[in-house]
Amino acid sequence: MIEIKNVTKVFSTAEGQVTALRDVSLSIPDGDVYGIIGMSGAGKSTLVRCINMLERPTSGAVVIDGVDMGALSERELRIKRREITMIFQGFNLLMQRNCLENVCFPLKLSGLAGERKWQRQRAMELLDTVGLADKARAYPAQLSGGQQQRVAIARALATDPKVLLCDEATSALDPTTTASILELIRSINERTGITAVLITHQMRVVESVCRHVAILDGGVVAETGAVSEVFAHPKSEAAKRLVFPDGDAVSATQVPDEHVIRVVFNGSLASSTPLIAHMAVEKGIEANISYASTRTIEGREYGSMLLGIRQGEAVFREAIAYLNSQTDVSAEEVLPNA
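Since the structure is predicted, the reported quantities are computational estimates derived from the model, not experimental observations.

## Here we look at helix H1 (residues 44-51)
Burial analysis of H1 places 6 of its 8 residues in the buried class, the great majority of the element. All buried positions along H1 are accounted for by Lys44, Thr46, Leu47, Val48, Cys50 and Ile51. At the exit of H1 stands Met53, carrying a positive phi of roughly 65 degrees.

Spelled out as structure tokens, the structure:
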């Protein structure tokens, strides 16, 4: 368990003091994949660096498995960090060493390494885990960005850590490569039970791999919860901006004689045929989709949609009833400017 207790971090600058984090408290269960998301300047990277004490909090505490990280001596902290490894946006590989040597490096530093043969065997196992056993002799400059990040993950796993911190680890990658790296993190989590903490500003990262999420806004925790719940029912303004970046409101210039319905998907099972198409086929109800922000998480749909119905009051009421009859779907009329 990672417990972040009332952490505040203040930096002194030439312009004065800057509060990057203010009274942040979070609990991250063992074995979770936990997302911490926010816009630029929200304090995400500062928070993750406080977890492993690369930045020491001005006040508050970080407790991991019952150990107060701030109370450790430098020597004790170095030993504890073997259990808390980190990957970065910039990969941070040693460019003059090949992949095998990069993965061996933390074993040499940790004092855990035995014979050189054992180090190389362990490194090869990890390169195989990330799908790069055939690149053991290659140098970072010979690899793609996604391959470099895979090597960085293998290196981070060398000391059998309990926690993997990912600081914008996919921000420099294209969407396809990002998806493959996130799937790798997911599979490693499922296979080893490692706790993964993902710092990101990208909603697609959180929705594709995380189970729980905390939203930071101006150094303050705006909202926390299961990803499915936060995405279906964002409560804070910060969460609404991230979940619905285009807004979710009916235009003041609503079409005359058009009834508008807000449909909220609360985890309904995803179908190959969209719900609105089903309604058209089964009930003959035509709906104009004026806004939609939905996403599929673990085979279920979350988000909201605005529909326009122009077939009269009776058809509008039938549409409301049909939509509300569906499992994990709710629908209500939205009045102009509501």
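## Here we look at helix H4 (residues 116-129)
Counted at 1.5 Å a residue, the expected span for H4 with its 14 residues is 20 Å, and the 20 Å between its end C-alpha atoms agrees. Three or more residues of H4 are buried, namely Gln119, Arg122, Ala123, Leu126 and Leu127. Across the axial projection of H4, the buried residues extend over an arc of 140 degrees, all falling on one side. Of the exposed residues in H4, the ones pointing more than 90 degrees away from its buried face are Lys117 and Asp128. Just downstream of H4 lies Gly131, where phi reads positive at about 80 degrees.

## Focus on the packing of helix H10 (residues 275-283) against helix H11 (residues 313-324)
In helix packing, the relevant descriptors are the interaxial angle and the interaxial distance, both defined with respect to the helix axes. Contact geometry of H10 with H11 gives a least axis separation of 11 Å together with a crossing angle of 125 degrees. It follows that H10 is oblique to H11 by the angle criterion. Pair H10 / H11 crosses with right-handed handedness. Every residue of H11 that contacts H10 at Leu275, Ile276, His278, Met279, Glu282 and Lys283 is listed here: Glu318, Ala319, Tyr322 and Leu323. By residue class, the composition of the contact of H10 with H11 is 6 nonpolar, 1 polar and 3 charged.

Cut-offs and rules
Residues numbered from 1 in each chain as written. Predicted model: local features only at pLDDT ≥ 70, side-chain atom pairs only at ≥ 80, totals over all residues. Heavy atoms only, no water. Buried < 20%, exposed > 50% of the residue type's maximum accessible area, 1.4 Å probe, protein only. Helix = DSSP H or I, 4+ residues; strand = E, 2+ residues; numbered from the N terminus. Expected span 1.5 Å × (residues − 1). Arc of directions from axis to C-beta. Axes fitted to C-alpha atoms, helices over the stretch in contact; angles between N-to-C directions. Parallel < 35°, antiparallel > 145°, perpendicular 65-115°, else oblique. Left-handed = near helix turned anticlockwise from the far one by under 90°. Contact = heavy atoms within 4.5 Å. Nonpolar A, V, L, I, M, F, W, Y, C, P; charged D, E, K, R; others polar.

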